[in-house]
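Close look at the chain arrangement
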Amino acid sequence: MEEEEIMWKLDSNSVESATIGRVMSTLLSSRPRKLQEAIFRFGSNPHQTSVSSSDESLWFLNKYVTDAVEKKDSLDQILVPMIESSLKYRGRKHSNQPMIILNWLFQEKLLCKALVTSLATMISRKEDRYIALGWCTLVRELLEVEITMTQPTKNGVSENYYALLEILCACIPRLTVIMCDGSGLQDGSELPTRLSVAAADCFLALTEALTRKTLLSKVPSRNNASNSVVALSRIAENKVEPVTTSSEASNNVELDWLLWDHLDELIVLVQKLVAWNRKSRPLYAKGLEQVLKWLEEIKSHYGNFPDEHHKCLSLSWKTDKKILKTGVLLLSSCWKHYSRLLHLEDHKISQHYKDLLEQYLSGIQFYTENCTEKRTENGDTTGIETRKFFLNCLSLLLGRFDQQQFDRIMLEYGIEISNALLSQFHSADEDVIEGSFSIFKAAVFKANYSSSQSRSTGTSMMDSVVPSLLDLLNERNVTSKAVVMLVAEYCFINTDGHCLQEILKLLDSPNALQRTNAVDVVRELIRISSDSVHVLSNSMWQDVAKRLLERLADEEPEIRSNTSNLLPMIDPSLIFPSLVHLFYSSDERVCLSASDALIAVLKYHSEKHEVIFMLLDSLSNLTQSLDIPDSSRDKGQGGSMLDFDKVRMLIAEWSKSVKDWKLLIEPLIDKMLAEPSNANIVKFLSHISEHLADNADIVFSRVLLHMKGQELDKSFFARPDSRTCTSNDSDAFTRSLFDRLCPLLIIRLLPLRVFNHLQSRVLYGQCNEVLLHASKNGDIDMNRHDCVATLLMNRAFGKFEFEDVRKLAAELCGRFHPKVLFPIISSQLEHAAESQDILKIKACLFCICTSLVVRGWDPKFCNVLLKVRNSIEKVLLWRSLEGDEVSKAQHGCIDCLALMICAEVQTPESIRNSSTSENIGKMCSRSPTLNYVISQLMHGKHEFMSPPKLNSKTYISESSFPLPFRICMANTLISACQKISDIGREPFAQMTLPHLVHSIEVVRDQEIRAACIQVVFSVVYHVKSAVLPFAPDILEVALKSLREGSEKEKMAGAKLMASLMASEDPILECISEGLLEARSLLSVMSSTDPSPDLRQLCKKLLVCLTSP
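Residues numbered from 1 in each chain as written. Predicted model: local features only at pLDDT ≥ 70, side-chain atom pairs only at ≥ 80, totals over all residues. Heavy atoms only, no water.

**As for the pairing of strand β2 (residues 189-192)**
Across four bridges, the pairing between strand β1 (residues 183-186) and β2 is antiparallel. Among the inter-strand pairings, Leu185 is bridged to a residue of β2, identified as Glu190. The hairpin turn running from β1 into β2, its antiparallel successor, is two residues long, and Asp187 in that turn takes a positive phi close to 55°. (Pairing = 2+ DSSP bridges. Helix = DSSP H or I, 4+ residues; strand = E, 2+ residues; numbered from the N terminus.)

Next comes the structure, spelled out in structure tokens:
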């Protein structure tokens, strides 16, 4: 029996479900008029059993709902079909059957409450997005329903409206979640889904319904606009005094608090609306931002007071309650108007936009003319909040229209709107200015006038307001800031340039405020232009650039500074020539402003090589100009060159802003190679040499490519063996010379560290090919080695080359790493000495000298340098005449030996060991070149020189080396004295003077003794205080040479005496006793010596000794 009863119940439920489905289908498909008539006849025949008519369907539906409410069963089978019908027929005429049915069911309070409650919980129970979308549609229709009954009957929705709102308000948090979750990003902008739009509109309809108590009975017409203005203004300023009955008042208060309880959700709603409309409807989004700001101010100002549900026992509760009620009423009063304008899908508002527009414009005009901006006792500003309210409403109204609707409104109301808004620019309130600016910008500049008539009307409107706008640029305030942006926008779209010319005239105004505002207009114009695909004409930009450059001489520092910051945003080609000229102005104020502007331009275009080219070209052109101020000329160059030191500061500041030097270096190198005679490029590159070094491979690659493509015209040289050019004055000669010098000059700019990269293929070749493939005859095979080193050596040692190129190439070869340089250079020098190739000898010597100067001494290469010294020895043994090529090569050998000596004695070991005399022998062993030179000077052969005993009179044997060779050794020591650094003086003196003093005692050849005395003189003269330990012995050498020496020795001795007498005080004190003997000797020689020159010199020395 139980199973049969259960089966009967299941069958009964199935039948009932199928029946209610057919009932709902019948009712929802009925015509609204027929459905209303059936509702009117409901109850005349309650005993019907079939469901073949609307009357019977209503009877069954009523019974089903009543039974479900009593049994507390689900009502979804009633509500879901209504939701689907609302969604399916949304927006169609005569499709309000769900509203008619609900209105009828709501006539019974018990059914109404159950249905609304079930409807409210459904949005949370059902996760179906389709159901949620239909739910939002149905609820919005329910809240906005206006049912016209054909027969007298009760309005169930209206009678239960308060209870309906109270229940549905619980759905606001869920609607907020749906709205937020329904947003998505597209092209960086947040866009809503269809569901989130429906949720937002349902949210707005629900909150708008909470304020419906104070809605005006009808929208005011233009005739009673002033009355509407007063009503709306009282709303905006919280002066609403609704006239209602006591029960209505109680319900209204409750609705106000319901709205207040959801203030946070209102803020979230407006935030989402702002995000959704920011890109597509900027004016509408601006109005939303103002509404959002107002809501946040309401919360900040009133949200900290305890509400009706959280009363406290504080003595100030009554005062706080009054303040809080003010905020609650203000929110409700204004939100009823804002919410109407915030709907995303609302076609009704376009039907009465004219009345709303006239109402808002009248309100703005009324409060502008009749209210001041003075603050009241409670801190409020009379009229300001009202004007903000009207401006916000106007932004929301105009901002929601599409372009076609907007153009139509502007044709009819454009002048009226612009005049109303212009009056707001005189306000001191920033929000009023900002709101007016947004509307004005859209009203005047957004309109798209398609027809010729509308375009003429639009142009006329813009032209009529521009003079008024320009008059507002006489001050610096909030108004002027807004006007600056408006005028800039107008200048951009005004193709005839008339407005721009008016602004440029203001740049010359005697009023500093006008000039400042004009500069701001130009700045905004440049910004607008940079963000747009449309650009100003070139002639307009030329006018702007010219006037801005003139402002660099403005007497106002702010204007000069603003102009300097503005110039970088203009095409550099329009400003660089004049800006560089101003940079060299004799007016210090102009010069400083131009300097700031140049730095700003270079930083703004920090990685654009074209801008650097413009700077260099402008400098070159200015160099050739006759208008360069005298104060900016390089006096050392006869006034023909610019003071490039001023540019150094610019380069230093600019280089800090460069992030990727690879983008710049290659074009800069190519420019210098294309303009080899441009000295400004060389100077510029010298200031960024460290950055060039960091990208040395790029530099070497460009130089290598250029050098490989060069060909030397041998017709410049008269005979192959002479290697002397005969076309010095020809243009072709000059071009070729500079072309071959240019890549070498670029390499010369690089610091030494770039030559230390032995693994650099572009510099040294793979696995140091330059070292491995040097041919046996000493030449470098250019056909086999594609690296910079081989090319440099070819130019240094080649048979045909310009002398300047050869010298520079040899100098650069001297910078090579010693592992690369010395093995090759020793072979080259040896080969050149054997073949008596003077030019190659000089080039080799120059390489070695450069290496010794820039790198110093490295004991690891002693054997290689020994080979070099042997080659030098061969050259010095050649016969030569004064001034011939051989003698010039020998002078190079002397300098090379001297630098080798300096490098040896300046090593850290030599300097450390110079403190004690016991280390002299050890020091000499570490200076093989010095030991060699002294040995050759004293003996005419090479043997190790041990520390001599200065008293020894043992004469040394002399070899058959010719006298000129030994004189060269003396000249080598003299040259070393001249080249020795401060830190090397002491070890040099200790390693040299004992041998020299001893040699003067024991060497028999008078010429050699005279030469040694001359060397000692040079040591005393150049090494100075380092000779102090040897001063008495040196004085003795001078006295002995004066008493017993030959004429040359006596003259050398006199000079040595003079050098001692001119020494520092410690040396004079050391030789003071010997100076008495010197005085007597000089007195005798000044009168008896047969040489007049010597007598004259002795007289001068005697005067120095006898004078006080």
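**Observations concerning the pattern of salt bridges**
One pass over the structure, following the stated rule, counts 48 salt bridges. Linking Glu127 and Arg174 is a salt bridge whose minimum nitrogen-to-oxygen distance equals 3.9 Å. Within this pair, whereas Glu127 is found in the loop between α6 (109-125) and α7 (129-144), its partner Arg174 is found in helix α10 (residues 172-181), the two being separated by 47 residues in sequence. Notably, a salt bridge pairs Glu524 with Arg527, separated by 2.4 Å at the nearest N-O pair. (Salt bridge = Lys/Arg side-chain N within 4 Å of Asp/Glu carboxyl O.)

**Regarding unusual backbone geometry**
Phi angles above zero are rare outside glycine, and Gln836 is one such case at about 55°. Position of Gln836 relative to the elements: it lies in the loop between α40 (818-835) and α41 (838-855). Here the phi dihedral of Lys1024 falls at roughly 60°; this positive angle occurs in a residue that is not glycine. Tracing the backbone shows Lys1024 in the loop between α49 (1006-1023) and α50 (1031-1044).

**Some words on the packing of aromatic side chains**
The relation between two aromatic rings is expressed through the spacing of the ring centres and the mutual angle of the planes. This model, assessed by the stated rule, comprises 15 aromatic pairs. Between the aromatic rings of Tyr764 and Phe816, the centroid separation amounts to 5.8 Å while the plane-to-plane angle is 85°, which identifies the pairing as edge-to-face. Taken together, the residues Tyr764 in helix α36 (residues 761-764) and Phe816 in the loop between α39 (803-813) and α40 connect sequence positions 52 residues apart. Phe816 carries the same exposure label as Tyr764, and that label is buried. In textbook terms, an aromatic cluster arises when at least three aromatic residues are bridged by ring pairs, as seen for Trp294, Tyr338, Phe389 and Phe390. Sitting over the ring of Tyr284, Arg281 keeps its end group 4.2 Å from the ring centre. For Lys1024, the ring lying beneath its charged end belongs to Tyr1021, and the centroid distance is 5.6 Å. (Phe/Tyr/Trp six-rings, centres within 6.5 Å; stacked < 30°, edge-to-face > 60°. Buried < 20%, exposed > 50% of the residue type's maximum accessible area, 1.4 Å probe, protein only. Lys NZ or Arg CZ within 6 Å of the ring centre and 35° of its normal.)

All we've got here are geometric facts, nothing functional implied.
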